[in-house]
Amino acid sequence: LSGSIQLKSLAEVRLMLNEAVALKWRLAERIRTWGKPFHTDLRMDIFYYSRLLDLTFRTNVVNCTETSFLLYGEGTIKPMPVKFSLRCGVFMADSWDDRIYVYERDIPGSFNVPALYGRGYWISLTGNWKFARWGRVYIRGSMTEYPFMQKKKPGKAELKLMFRFQI
């Protein structure tokens, strides 16, 4: 048998502890016959849901050549007509092969899935305000810093603003 073979598996378990609290475990494994043969991604999420506030906490561990870690917390307040989400997290991924991808909220028509690599933290804020039946404002700001690196790495910041009018 010649050629390249790759197998991917995904296992996910979600438990509702009550009407407001949920736990989710996810294990993804990749095995292949070239490059780095094994890549394991394990994460656990805790969710809290209510009419005005949603909370999420995540722990993520990735192992390919070394072991990477990520922890974050996110809160979303949603009193009408305003909705804001704030996410703060820390990460340690010393090897590019062990980088961690995390989907981030963004403004409509955009998406953001940064590869977190290095040692640092990030904070992001998204929000929208429906100021009239015909108009809404969206905002997204984020900042990533790397103060825990032995070799200095510059941080990055981003700000997006969108006005949407329906006629």
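Note that the structure is predicted; figures quoted are calculated from it, not measured.

Calculation rules
Residues numbered from 1 in each chain as written. Predicted model: local features only at pLDDT ≥ 70, side-chain atom pairs only at ≥ 80, totals over all residues. Heavy atoms only, no water. Pairing = 2+ DSSP bridges. Helix = DSSP H or I, 4+ residues; strand = E, 2+ residues; numbered from the N terminus. Axes fitted to C-alpha atoms, helices over the stretch in contact; angles between N-to-C directions. 1 Å grid on protein atoms, 1.4 Å probe; cavity = no way out; pocket = protein on both sides within 12 Å on 5 of 7 lines; lining within 4 Å. Points joined across faces, edges and corners; volume = space filled by probe spheres on them. Core = buried A, V, L, I, M, F, W, Y, C linked by side-chain atoms within 4.5 Å. Buried < 20%, exposed > 50% of the residue type's maximum accessible area, 1.4 Å probe, protein only. Contact = heavy atoms within 4.5 Å.

J.: How would you explain the sheet that holds strand β3 (residues 38–49) if you had to name every residue and give the values?
T.: Taking strand neighbours across the sheet as the criterion, the nine strands line up as β1-β2-β3-β4-β5-β6-β9-β10-β11 in an open arrangement whose pairing is antiparallel. Where the open sheet ends on each side, the last strands, each with one partner, are β1 (6–16) and β11 (156–165). Across the sheet, the mean angle from the axis of one strand to that of its neighbour is 10°, orientation sign disregarded. Where strand β6 (residues 82–93) meets strand β9 (residues 118–132), twelve bridges bridge the pair, whose relative direction is antiparallel. Considered in β9, the bridge of S85 is made with T126.

J.: Residues and numbers for the layout of surface pockets, please.
T.: Considering only enclosed or pocket space, the largest pocket measures out at about 420 Å³ in volume. Along its surface, the largest pocket is lined by 18 residues, and A28, R30, H39, D41 and Y101 are the ones closest to its centre. The set of elements that each furnish at least two residues to the lining of the largest pocket consists of β1, β2 (21–32), β3 and β7 (100–101). For the lining of the largest pocket, the element with the highest residue contribution is β2, accounting for five residues.

J.: Break down the nonpolar core for me, citing the residues and quoting the values.
T.: Judged by nonpolar contacts, V62, L70, Y72, F91, I100, V102, L116, W122 and Y146 together constitute the single largest core of nine residues. Filtering out sequence-adjacent residues up to four positions away, L70 remains in contact with R58, T59, N60, V90, F91, I100, V102, L116 and W122.

J.: Outline the pairing of β1, supporting the account with residue identities and numerical values.
T.: Residues in a regular strand project their side chains so that they alternate between the two faces of the sheet. Pairing between β1 and β2: eleven bridges, direction antiparallel. Of the residues in β2, the one forming a bridge with R14 is K24. Between the end of β1 and the start of β2, which pair antiparallel, lie four residues.

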